[in-house]
Amino acid sequence: MISMILLTLNLLAGAALLSHALCVLNRMNRHSNHLYRLFYSLLGVGAIAVLAGPLYGYTQPQPGEVLLNAGMTGIVMASWFAKNRRATP
């Protein structure tokens with residue numbers, strides 16, 4: 001039961017990280033910082049690995065891995081929400 005919850009949370013976090021990395025990489029041009037491009041490329045590859053894990057029988061992720069993925073998703077989404085918030089009068 002708990003492994004299914006961890007797997008679901010891990011997959012949701014991986015999907016959120018992959019979509020964010022793809023959106024950021026799509027906005028970059030040839031003048032973008034190469035370290036940011038490397039970071040988001042590695043983030044996207046890691047998210048693909050998380051999403052492809054169940055295809056290879058990895059259905060019981062460790063709690064530390066889920067915590068790292070969920071924490072990174074929280075950091076990414078919090079910064080995205082802070083950057084894209086609308087000013088209220």
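Before any of the text, the structure's been laid out above.
This write-up is about the structure you can find in this document. What you see is a predicted model; the values in this text were computed from it and never measured.

1. Looking at helix 3 (residues 63-83)
Since the α-helix packs 3.6 residues into each turn, any two residues three or four apart lie on the same face.
Reasoning step 1: With 21 residues, helix 3 extends 30 Å between its outermost C-alpha atoms, agreeing within 8% with the 30 Å of an ideal straight helix rising 1.5 Å per residue.
Reasoning step 2: Among the residues of helix 3, those classed as buried are V66, N69, T73 and V76. Buried residues of helix 3 fall within an arc of 105° about the axis and therefore sit on the same side. Residues of helix 3 that are exposed and point more than 90 degrees away from the buried face comprise P63, L67, L68 and I75.

2. A few points about the nonpolar core
Reasoning step 1: Grouped together as the largest cluster of nonpolar side chains are 9 residues: L17, L18, A21, V24, M28, Y40, L43, A47 and V76.
Reasoning step 2: For this core, the element with the highest residue contribution is helix 1 (residues 2-27), accounting for 4 residues.
Reasoning step 3: Dropping the residues within four chain positions of it, M28 is found in contact with Y36, R37 and Y40.

3. Some details on the environment of G14
Reasoning step 1: The topology assignment puts G14 in helix 1.
Reasoning step 2: For the pair formed by G14 and R86, sequence separation is 72 residues and the distance between their alpha carbons is 27 Å.
Reasoning step 3: For G14, the residues in contact, after removing those within four places along its chain, are A47, V50 and L51.

Rules behind the numbers
Note on numbering: residues in each chain are counted from 1, in written sequence order. Owing to the predicted nature of the model, reporting of local features is limited to residues with pLDDT of at least 70; listing and counting of side-chain atom pairs is limited to 80 or more, with chain, interface and lining totals taken over all residues. To obtain the side-chain values, all non-hydrogen atoms of the structure were included, while hydrogens and water were left out. Under the scheme used here, helices are H or I runs from DSSP no shorter than 4 residues and strands are E runs no shorter than 2 residues, and both carry numbers assigned from the N terminus. Expected span of a helix, by definition, is 1.5 Å for each gap between consecutive residues, and there is one gap fewer than residues. Each residue's exposure class comes from its accessible area (1.4 Å probe, protein chains only) as a fraction of the maximum for that residue type: buried when under 20%, exposed when over 50%, partly exposed otherwise. Comment: arc refers to directions from the helix axis out to C-beta atoms. Working definition of a nonpolar core: buried Ala, Val, Leu, Ile, Met, Phe, Trp, Tyr and Cys residues. They are joined through side-chain atoms within 4.5 Å. Residue contacts are counted whenever heavy atoms from the two residues lie within 4.5 Å of one another.

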